[in-house]
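Letter by letter, the chains look like this.
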Amino acid sequence: MKVLSHTLGFPRIGPYRELKKAQEKYWNNQITKEKLFNIGYNIRKFNLNKQIDNHIDLLPIGDFAWYDHILNTSLMLGNVPIRFQKKIDNSINIDTMFYIGRGSIHNKKALNASKMTKWFNTNYHYIVPEFYKNQSFNFIWKQLLIELDEAIKMNINNIKPILIGPLTYLWLGTKVENNNFSRLELLKNILPIYIEILLEIKKRNIQWIQIDEPILALELPEKWLKSFKNTYDILRNNISNDINILLTTYFGGISHNIELIKLLPINGIHIDLVNGKDNIEYINNNISKKWIISFGIVSGRNIWKTDLKKWYDILISIKNNRPLLWIGSSCSLMHSPVDLNLEFKLDKKIKNWFSFAIQKCQELYLIVKAINNNDPSQLIEWSKFIYTRKISKKITNIQVQKKILLLGNNIINNRKHYDTRSILQKEKLKLPLMPTTTIGSFPQTSDIRKLRSDFKSGYIDYNNYKKNMKNHIKNIINIQEKLDLDVLVHGEPERNDMVEYFGENLNGFVITENGWIQSYGSRCVKPPIIIGDISRSKPITVYWSQYAQSLTKKIVKGMLTGPITMLLWSFPRDDISPIEITKQIALALKEEIYDLEKSNIKIIQIDEPALREGLPLKKSEWNEYLNWAIESFHLTISSTKDETQIHTHMCYSEFKDIINSILILDADVISIETSRSGTNLIKLFKKLNYPNELGLGVYDIHSPNIPSISKIQSFLIEALKNISFKKFWINPDCGLKTRTWEEVIKSLHNMVQATKILRKKYNYYLK
Ligand code: GLN
Ligand code: ZN
């Protein structure tokens, strides 16, 4: 039997972010629905053709989504949150998706968008399904069938439809408040719909269907594990044997669940060999020879060329005793950029080290061909670049490596105990009680964006750029003074993105022109690539912070992006450990802090919004991760003066899993998202007896609504019942870069006024 190639999904944004542009135009009434549909169709056609060009044997259908693939599944099952049902009159269409994803208004009342959360440990956000007790489901939204028929009409027959498995779907959802039931109770209502869909697929003479159950890589509770056998028995009994199920898992190993998987009535299993640690022999010996095993060896989540020769040597011996072998991407390619050929500015040698989605398809073709022909000669050519990278001078910096060696295993944080630091800082900073501040960025107006791009493309020189940038900063400082905020920021106008900016300014990173990946809805990010040892050759933020400070008597905070966020929101190198990478970043940031202190910056904020998402999929690995993550923060501040106040910011509210680490992190002030989570989060900090200061995110910056003074006040009064006023800072829940100036000024005005009224009311004045 021939070895076959397949992908688990292809990026849906289009090579030039066509989907994003079309979505946004449609939302602004600049294009019609027909035009939007047309753009979607063209992207799907492009994706299929690119995979056909590279001889991919089984082509994924169902990987396209107008907003999010989990939202697709929700609509397919007729799961529309109750609050939207009136608005849509029970007729689900594409607008329904956008209402649920983005929120809407009905009879002058705001309908909140469904929550978004991270897709496992990636930086993609999915729309969380909402469940309620005894909910019923219907097969309503038939996008999958339409797209299957569309491909068949293009005369493409080697298609493989994708469904999110019923258990993963239920696991990813949330129960609507006050509903006391188990999500598993809904299985019996959901499975008939899955059967209906599978039967429809069967009618189209399709051989293989891909059912994604990535939760098998987690350490699941017993009752969820037990549900697998029953669920798949029911599906199988209702669809007969002529349709083959490939169960797909990704993002982690599944050996711990192999006994369970073995018993399922399926026809094949996909395993992620890039992100998981499964032993191939073990898997091979444990899985029936009647099954397909699909090995995911081409990373869907990183951009390095695959060492095809290495995999050839491993897989060729498996092939000899397993007739049914497939080779695929580790997970969907949606987490990698589309086409390396759209990078025109990258150094040619470095570019040879990378593979984006289209090139990854080429890799799959090459390895499958080599295995089928017993001829690895072309692979040797391909893998050459892995070795030229290893020995390239571009990636090594002996100085950095020496510094890391010298550090050894003991990272010593020289700062004194918080009690001592806090006294020194109070003396130095002389802030009022409950100081008001912001998280760093201010609106990125089109003027600001144009200025940056004019400079980047060489239309204006550095002096001109600097002069104009300073004007923006001056304006931002003026506005904050007028608002009477207590601790000011320079506004980050020079940064297009908090990670890319530092990537651009540190050695060891490269930046792409078109390496976009979807983050959520129409939002895409362009992660920098860490190619080598990281170092800092000159101060990065000092000039701007110092200038901002020179304009005001108030204190201006310096702003840095922390090592974990830098790591997780980049494409990391794969030849040294993430621990080592973060240590290198930490050392570079440490130098930056030293220079900021020298320039008289008294407060420095180190943002770590990605800290939580880095938690490994398996709980048993959490502690190890948290230890090195916290250690990298400590290394960053290890020589910071005690009187310099260190802030950190994490923009989410799920702290339950990491709360003890936050305590150990020991930042002088941590600002958190509290506006949407009510006082639950504050109670968590109270229970912990959290000794340091807390910045309360008192309003939601993701919404254009202006929070009223009384709303902020009542929120604060609730919070003050739990934790002493002496510990609080007042701020929005995240950076303001996506908002308009009008919204920002009104909201911050109300925030400052609410704080002042409270200060007065309780007579909490500082002498
Ligand atoms: N300082 C950054 C900003 O204000 C923080 C952004 C974030 O937390 N994601 O934009
Ligand atoms: Zn944030």
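This text goes with the structure placed above it.
Attention in this report is confined to the structure presented alongside it. All values derive from a computational prediction rather than experimental measurement.

**Considerations on the pairing of strand β17 (residues 517–520)**
Thinking step 1. Examined bridge by bridge, β17 and strand β18 (residues 523–525) share three bridges and lie antiparallel to one another. Paired with Gln518 across the two strands is Cys524, which belongs to β18.
Thinking step 2. Linking two consecutive strands that pair antiparallel, namely β17 and β18, is a turn of two residues; a positive phi of about 45° is found at Gly521 within it.

**Re the coordination of the zinc ion (ligand 2)**
Thinking step 1. Coordination of the zinc ion (ligand 2) by the protein is provided by His649 (NE2), Cys651 (SG) and Cys734 (SG), with metal-donor distances spanning 2.1 to 2.5 Å.
Thinking step 2. Geometry at the zinc ion (ligand 2) is tetrahedral, judged from the four donor atoms that bind it and their angles of 90 to 124° at the metal.

**Side note on helix α15 (residues 377–390)**
Two residues of an α-helix separated by three or four positions point the same way, owing to the 3.6 residues in each turn.
Thinking step 1. Here α15 contains 14 residues, and its C-alpha end-to-end distance of 21 Å stays within 8% of the 20 Å for a straight helix at 1.5 Å per residue.
Thinking step 2. When the local axis directions of α15 are compared, the greatest deviation, roughly 25°, occurs at Ser383.
Thinking step 3. Of all the residues in α15, the buried ones are Leu379, Trp382, Ser383, Phe385, Ile386 and Arg389.

**What about the sheet that holds strand β10 (residues 208–212)?**
Thinking step 1. Across the sheet, eight strands lie side by side as β1-β14-β13-β12-β11-β10-β8-β2; this open sheet has parallel pairing. Unpaired on one side and paired on the other, β1 (4–6) and β2 (59–61) mark the two borders of the sheet. For this sheet, the mean angle separating the axes of adjacent strands, direction not counted, is 30°.
Thinking step 2. Where β10 meets strand β11 (residues 244–248), five bridges bridge the pair, whose relative direction is parallel. Note that in β11 the partner of Asp212 across the bridge is Thr248.

**Let's talk about the sheet that holds strand β24 (residues 693–697)**
Thinking step 1. Strand order in this open sheet of seven strands is β15-β20-β21-β22-β23-β24-β25, and the pairing throughout is parallel. If you trace the sheet from one side to the other, it starts and ends with β15 (487–488) and β25 (728–731), each paired once.
Thinking step 2. Strand contacts of helix α23 (residues 578–598): β20 (555–561) and β21 (603–607), with the helix running at about 170° to β20, the strand carrying the most contacts.

**Observations regarding the site of ligand 1**
Thinking step 1. Around ligand 1 sit Ile439, Gly440, Ser441, Glu492, Met498, Asp607, Pro609, His649, Cys651, Cys734 and Gly735, and those are all the residues in its vicinity.
Thinking step 2. Between ligand 1 and Glu492 there is a distance of 3.0 Å, counted from a nitrogen atom to a side-chain nitrogen or oxygen.
Thinking step 3. One nitrogen or oxygen atom from the side chain of Asp607 is found 2.6 Å from a nitrogen atom belonging to ligand 1.
Thinking step 4. Alone, ligand 1 offers 290 Å² of accessible surface; in the complex the protein occludes 91% of this.

**Here we look at empty space enclosed by the protein**
Thinking step 1. Under the criterion given, the structure shown has seven cavities of 30 Å³ or more.
Thinking step 2. Its volume calculated, the largest cavity comes out at about 320 Å³.
Thinking step 3. Together, 25 residues line the largest cavity, and Gly62, Asp63, His69, Ile162 and Ile164 are the ones closest to its centre.
Thinking step 4. For the lining of the largest cavity, the element with the highest residue contribution is helix α3 (residues 69–76), accounting for four residues.
Thinking step 5. Size it by volume and the second largest cavity reaches roughly 110 Å³.
Thinking step 6. Arg12, Arg44, Asn47, Leu48, Gln51, Pro60, Ile61, Gly62, Asp63, Phe64, Glu147 and Glu150 are the residues that line the second largest cavity.

**Re the nonpolar core**
Thinking step 1. Counting 105 residues, the largest nonpolar core has Trp119 and Phe295 as its most contacted members.
Thinking step 2. If sequence neighbours within four positions are ignored, Trp119 has contacts with His69, Ile70, Tyr124, His125, Tyr126, Ile164, Leu172, Tyr250, Phe251 and His335.
Thinking step 3. Grouped together as the second largest cluster of nonpolar side chains are 94 residues, Ile473, Ile601, Leu665 and Leu716 included.

**Examining the environment of Trp291**
Thinking step 1. Note that Trp291 resides in the loop between α11 (280–286) and β13 (292–298).
Thinking step 2. Residue Trp291 is classed as buried on the basis of its relative accessible area of 8%.
Thinking step 3. Those residues within four positions of Trp291 in sequence are excluded, and the remaining contacts are Ile261, Lys262, Leu264, Ile266, Asn267, Gly268, Ile269, Arg322 and Leu324.

**Describing the packing of helix α19 (residues 462–483) against helix α21 (residues 542–550)**
Thinking step 1. Two numbers describe how α19 lies on α21: the axes approach to 10 Å, and their chain directions differ by 45°. Classified by the angle between their axes, α19 and α21 sit oblique to one another. Handedness of the crossing formed by α19 with α21: right-handed. Within the contact between the two elements, α19 uses Tyr462, Tyr465, Lys466, Met469, Lys470, Ile473, Lys474 and Ile477 and α21 uses Tyr543, Trp544, Tyr547 and Ala548.

**Focus: the environment of Lys619**
Thinking step 1. By the element assignment, Lys619 lies in the loop between β21 and α24 (622–636).
Thinking step 2. Along the chain, Lys619 and Glu219 lie 400 residues apart, while their C-alpha atoms are 6.9 Å from each other.

**Observations concerning the pairing of β25**
Thinking step 1. Residues of β25 alternate between two faces, with Phe728 and Ile730 on one and Trp729 and Asn731 on the opposite face, all of them buried.
Thinking step 2. By the bridge criterion, four bridges tie β24 to β25 in an arrangement that is parallel. Across the sheet, residue Gly697 finds its bridge partner in β25, namely Asn731.
Thinking step 3. Chirality of the crossover, the property in question, places the unit of β24, helix α27 (residues 709–722) and β25 among those that are right-handed.

Conventions we followed
Residues numbered from 1 in each chain as written. Chains lettered and ligands numbered in written order. Predicted model: local features only at pLDDT ≥ 70, side-chain atom pairs only at ≥ 80, totals over all residues. Heavy atoms only, no water. Pairing = 2+ DSSP bridges. Helix = DSSP H or I, 4+ residues; strand = E, 2+ residues; numbered from the N terminus. Donors = N, O, S within 2.8 Å, 3.2 Å for Na, K, Ca; no water. Tetrahedral: all angles 85-135°; square planar, octahedral: opposite > 155°, others 65-115°. Expected span 1.5 Å × (residues − 1). Bend = angle between axes of the 7 residues up to and from the residue. Buried < 20%, exposed > 50% of the residue type's maximum accessible area, 1.4 Å probe, protein only. Axes fitted to C-alpha atoms, helices over the stretch in contact; angles between N-to-C directions. Contact = heavy atoms within 4.5 Å. Near = heavy atom within 4 Å. Polar contact = N/O pair within 3.5 Å; in protein donor to acceptor, adjacent residues only side chain to side chain. Areas by Shrake-Rupley, 256 points an atom, 1.4 Å probe, with all protein chains shown as cover. 1 Å grid on protein atoms, 1.4 Å probe; cavity = no way out; pocket = protein on both sides within 12 Å on 5 of 7 lines; lining within 4 Å. Points joined across faces, edges and corners; volume = space filled by probe spheres on them. Core = buried A, V, L, I, M, F, W, Y, C linked by side-chain atoms within 4.5 Å. Parallel < 35°, antiparallel > 145°, perpendicular 65-115°, else oblique. Left-handed = near helix turned anticlockwise from the far one by under 90°. Right-handed = clockwise from strand over helix to strand, strands pointing away.

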